[in-house]
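An overview of the molecular structure
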Amino acid sequence: MNRIKCECGHVNPEGTVLCEACGKPIEGNQHIDGNDGKNILNMRYDGTARRSLTYRKSFVDKVWGFFSSVKVGVWLIVIALAASALGTIYPQRPHIPANAISRDPAIFYEQTYGVTGKIYYQLGFYDLYGSWWYMILIALIGVSLVICSLDRFVPLYRALKKQKPKRHVTFVSRQRFVSETENVTGEEIQKVKESLHKQRYKISEEDGHILAEKGRFSRWGPYVNHIGLIIILIAALLRQTPWFFLDEYVWVREGEQIVIPGTDGEYYIENKKFILELYDESDEKFRDALQKQGELVPKNFQTNAVIYKKNDDGVIGAESSLDKVIEDQIRMNHPLKFDGYTLYQAGYQLDEFSTMSFKIHKKDDSDAKELASFTVDLTNPEKEYDLENGYRVKMGEFYPEYYLDNGEPRSKSKYVRNPAFVFYIYAPDTSQPEVSFIGIGRNIAADDNEYKLGIINYTTHDVSGLTVRKDYTLPLFGLGALIFMIGVIQGMYWQHRRVWIHPQNGKVIVAAHTNKNWYGLRKDIEKAISQTTIHEVIDRQELDQRNETKGGKS
Amino acid sequence: MNLLQLSSAMLYTAFILYLIATAFFGASIKVNKKENKKSLSGTIAITLTLIGFAAQLGYFIARWIYSGHAPVSNMFEFVTAFGMAIVLAFIILYYMYELSVLGLFALPIAMIIIAYASMFPTEVAPLVPSLKSHWLYIHVTTVALGIGILSISFVAGLIYLIKGIDQSVATKRTTWLEIILFLLVVFVGFCIVTVTFETLDYHAEFEYVENENTIVTDYHMPPLVSPKGGTLLTENVMKPFISAPGWMHGKDAGKKFNTLVWSLIAGAILYLLARVVLRKRIGAAIQPLLSKVKLDLLDEISYRAVAIGFPVFTLGGLIFAAIWAQIAWTAFGVGIQKKYGHLLHGFSTLHFYIYAFHAAGMVKNLHGYP
């Protein structure tokens, strides 16, 4: 490495633009920060040697250089955003509605959305956030953040740590804010110092040269903020792994007790009751709004649930028992939490049929006198029913949600919302069955049938749709968000301001620099020099711009 | 008078007070020739603003007590809260910088927003289960406050542009500035058209078919644009000139497009009237009022507003929203988006990124670097 020794005695790393200690521009390196032919020095990273701008030969250098570019980082983010936006056009695979035509992505997208849906599926956007290329994109953003930050933070930290109050005259006189005053007394300088100190500047001195500095820590804001972002990105990646994140959906009927998916058969849920409450339309407070809306407005969706844990007692082959873990109400905005799992009220189905009772009667009997009866458990129908008086019924077809598709009877789903059946009735004295079709509001018996079916009773239940979640990435997201916020505030509310007082050949040069809010810096200086003969600082950037525009016009 | 009527009266009072305060702010920048000296009209103006804000706070509290939930649950309530946040942010920044001209622009913009809010249904609606959470209050009020503060940045930026752009010749810059001002006028046009036809109790019903469902939609403005494939049901009303383009989907797309066309027409008429009366570009007409304002001070206010507003917006719009989503829903934000509309959340996400890049120093030439 070719280290550069400045005339002040400080040894700088290769590629340094302004000496870390005294700020003297290092010959031959001025093009790096674009200082050639400019009056004002580029102070963005205090003229430090950034690796990405210094070494550009080897493969590693090139990779480092690529990722340290803000432009590359911004483009990666833009691409990731565009991709994420694409992912929201249609529901992602886990969010395909449970009542969809098919939950198979190959069928669902094309059937539901047509050609665009098919393309969506073929390009793999249906599982975007878990796809390898999306993960790589997120990882690349992370790499870019780390390299961008390191490339700038490390040299900047060094330079601000090593800076000396006594600067080289070129450094001070090429700042944006500069003034030169002759015949300044020591008393006046003392006054300026005191005023700056009062404005909470830290004062350091060397041979009569003064550096007043405040808010340096705000320079670390962006890097703190990036640490927060990286933590959030890591959390987002971990969330795609089954160990840290689980997302399942389960339908539970009232009275049913089933295993909770995603828990390896360890936990069971029992749905005691589903409750749907509506707002009362005569409620004086909300009457106007409810009438305007013209539909029923729900007030509460609630599942009264009991959670059980399987207890194996460690004995292989032994009958396992269920221990009650918790009993609670699951409402929207009020999920149920147990042992790292969370259950959310996510959907419901009202009045599904649970059982249906039928009777057999003579077709020509106008009183429809019951000859035999049977009850079908619709959640678990049997193939055959042996009835009293020697009657027998076989179930031919069962359509849970019946509809006619071009004259063909079909079922829309497996949920029992509109059941219809084809039954074969075996009378005691015949061996040939009679065919009967029956459903809600339909009852068709073949013309030559002797017997007919009738519905005598049915019972219904509600079904709760619950989302099961396990998410260990939350604390990580929280930590990342907290650090992110600290960084944003640290970098935005405060500014890094520096004022140099530089005696030179009987004159005093006052120079100042800030990373932003020059207006505030000028106010500080005005206040500090108000009781002295020291001239106000001139904004050379404004001057330069004015000269440029004048020059351009003439 | 019940609490709801009291609440409405308070909001109305606030609106009128803001209007009068604006006039006094206008007077204060004309009268006050000497710098750094408070004028009487300036004092009156800020006092009226404070009373107006107190009245609007009264609206908020009264409505909260009446309905039993914080009034941030529908578009009317949210946009009104947004208008209130603009006024609050203005008051804070006014005391930081004592710049009267900020009030001359910020208050009318807050008024336009409040007027725009009352074009939405104003009835007190009950909360659906998905919104029943304290996080609704926390999320929405923080977001409203955040964008209220950011709006002051917009106001300061607008004043910067009006003052800074050379109006002696017509350039691309003057044209774009006029377009921004025209868009503000369109909002005024929208409010005027809506109120006018609301007062006339205008109705025209259309029937159209979408996704195999027959839908009847009720226009409250004369139909210039019909829904795609819609037939007019009401008699003795204007016949529409055109039909909404086929790619416009969604609920009441034709009706919304019709409202947009009306607003643009009304805005254009207002704008042209102003041009005829002023006999110059609106930007050029306002510019002389700003002769005493310093550009770098405006720049500073604009930056400061972003510096305060962005973290607040991030906190409310991202972090609080995520926490709430974690408690309430399985898919982040799906439920509330149905209530507030995807567009609102889409745009605020977009704005978050714009401000994030902004804060990250993309505009380093204006504000320096982090």
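So, how was this worked out
- Per chain, residue numbering runs from 1 following the sequence as it is written.
- Here the convention is simple: chains get letters from A, ligands get numbers from 1, in the order in which they are written.
- Residue-level local features of this predicted model are given only where pLDDT is at least 70; pairs of side-chain atoms are given and counted only at 80 or more, and the full residue set underlies all totals for whole chains, interfaces and linings.
- Note that the side-chain values use all heavy atoms of the structure and ignore hydrogens as well as water.
- Stacked, tilted and edge-to-face are the three classes applied to pairs of Phe, Tyr and Trp rings, where Trp contributes its six-membered ring and a pair requires centres within 6.5 Å; stacked means planes under 30 degrees apart, edge-to-face means over 60, and tilted covers the rest.
- Throughout, exposure labels follow a simple rule: accessible area from a 1.4 Å probe, protein chains only, divided by the maximum for the residue type, with under 20% read as buried, over 50% as exposed, and the rest as partly exposed.
- Here a strand is any run of E in DSSP of at least two residues, a helix any run of H or I of at least four, and the numbering for each starts at the N terminus.
- Think of it as the arc spanned by the lines of direction from the helix axis to the C-beta atoms.
- Here a residue-residue contact requires only that any non-hydrogen atoms of the pair lie within 4.5 Å.
- A pair is scored as a salt bridge if a Lys or Arg side-chain nitrogen falls within 4 Å of a carboxyl oxygen belonging to Asp or Glu.
- Here a polar contact means two N or O atoms within 3.5 Å. Within protein one must be a hydrogen donor candidate and the other an acceptor candidate, and residues neighboring in sequence count only if both atoms are side-chain atoms.
- The classification used treats Ala, Val, Leu, Ile, Met, Phe, Trp, Tyr, Cys and Pro as nonpolar, Asp, Glu, Lys and Arg as charged, and all other residues, Gly among them, as polar.
- Strands pair, by our definition, only if DSSP identifies at least two bridges between them.
- Think of each axis as a best-fit line through the C-alpha atoms, taken over the contacting stretch in the case of a helix, with angles from 0 to 180 degrees between the N-to-C directions.
- UniProt positions are given in the numbering used here, feature names are shortened, and annotations may be inferred rather than shown by experiment.
- Every patch collects residues that have over 30% relative accessible area and no salt bridge, joining them within 9 Å if they carry like charges and within 5 Å if they are nonpolar side chains (Val, Leu, Ile, Met, Phe, Trp, Tyr).
- Residue burial considers only the protein chains on display, and all accessible areas are found by Shrake-Rupley using a 1.4 Å probe.

All names here are of chain A. One pass over the structure, following the stated rule, counts 50 aromatic pairs over all chains. Summarising the aromatic geometry, the rings of Phe66 and Phe67 are spaced 5.2 Å apart at their centres and angled 80 degrees between planes, so their arrangement reads as edge-to-face. Assessed through its relative accessible area of 47%, Phe66 is described here as partly exposed. Residue class for Phe67 comes out buried when judged on its relative accessible area of 12%. Arranged with centres 5.0 Å apart and planes meeting at 70 degrees, the rings of Phe177 and Trp518 form a pair that is edge-to-face. Taken together, the positions of Phe177 in strand 3 (residues 177–182) and Trp518 in helix 12 (residues 518–529) put the pair 341 residues apart, joining distant regions of the chain.

Bringing helix 4 (residues 105–113) of chain A into the picture now. All names here are of chain A. Turning to helix 4, its buried residues number three or more, namely Pro105, Phe108 and Tyr109. Down the axis of helix 4, the smallest arc covering the buried residues is 90 degrees, so these residues share one side. On its buried side, helix 4 packs onto helix 5 (115–122). Just downstream of helix 4 lies Gly114, where phi reads positive at about 75 degrees.

Taken residue by residue, the interface counts 46 residues in chain B and 45 residues in chain A. The tally of links from chain B across to chain A stands at zero salt bridges. Scanning the region where chain B abuts chain A turns up seven residue pairs in polar contact (both at pLDDT 80 or more). By residue class, the composition of the side of chain B that touches chain A is 31 nonpolar, nine polar and six charged.

This part is about the sheet that holds strand 10 (residues 321–331) of chain A. Residue and element names in this part refer to chain A. Strand order across the open sheet formed by four strands is 7-8-9-10, with antiparallel pairing between neighbours. The sheet terminates laterally at strand 7 (257–259) and strand 10, the two strands that pair on one side only. When the angles between neighbouring strand axes are averaged without regard to direction, this sheet yields 25 degrees. As paired strands, strand 8 (residues 267–278) and strand 9 (residues 298–311) are joined by eleven bridges and run antiparallel to one another. Bridging from a neighbouring strand, Glu277 pairs with Asn300 of strand 9.

Residues and elements named next belong to chain A. The sites that UniProt annotates as "transmembrane region" (unreviewed entry) are residues 72–90, 132–154, 220–238 and 472–494. A helix fraction of 79% and a strand fraction of 0% characterise residues 72–90, whose end C-alpha atoms lie 29 Å from each other. End C-alpha atoms of residues 472–494 are separated by 35 Å, and the span's content is 87% helix alongside 0% strand.

Before going further, it helps to spend a moment on the sheet that holds strand 24 (residues 538–539) of chain A. Residue and element names in this part refer to chain A. Here we have six strands laid out as an open sheet, ordered 4-5-22-23-3-24, and antiparallel in their pairing. The outermost strands of the open sheet, each flanked by one partner alone, are strand 4 (202–206) and strand 24. Where strand 5 (residues 209–214) meets strand 22 (residues 497–504), five bridges bridge the pair, whose relative direction is antiparallel. Across the sheet, Leu211 pairs through a bridge with Trp500, a residue of strand 22. Strands in contact with helix 8 (residues 186–198) are strand 4, strand 5, strand 22 and strand 23 (507–514); relative to strand 4, the strand with the most contacts, it is inclined by about 145 degrees. Along the sheet, helix 12 contacts strand 3, strand 5, strand 22, strand 23 and strand 24; its crossing angle with strand 23, the most-contacted strand, is approximately 145 degrees.

In this section: a nonpolar patch on the surface. All names here are of chain B. Together, Met1, Leu3, Leu6, Leu57, Ile61 and Ile65 make up an exposed nonpolar region whose accessible area comes to about 560 Å². Elements represented by at least two residues in the nonpolar patch include exactly helix 1 (3–31) and helix 2 (40–67). Sorting elements by how many residues they give to the nonpolar patch places helix 2 first, with three residues. A relative accessible area of 56% places Ile65 in the exposed class.

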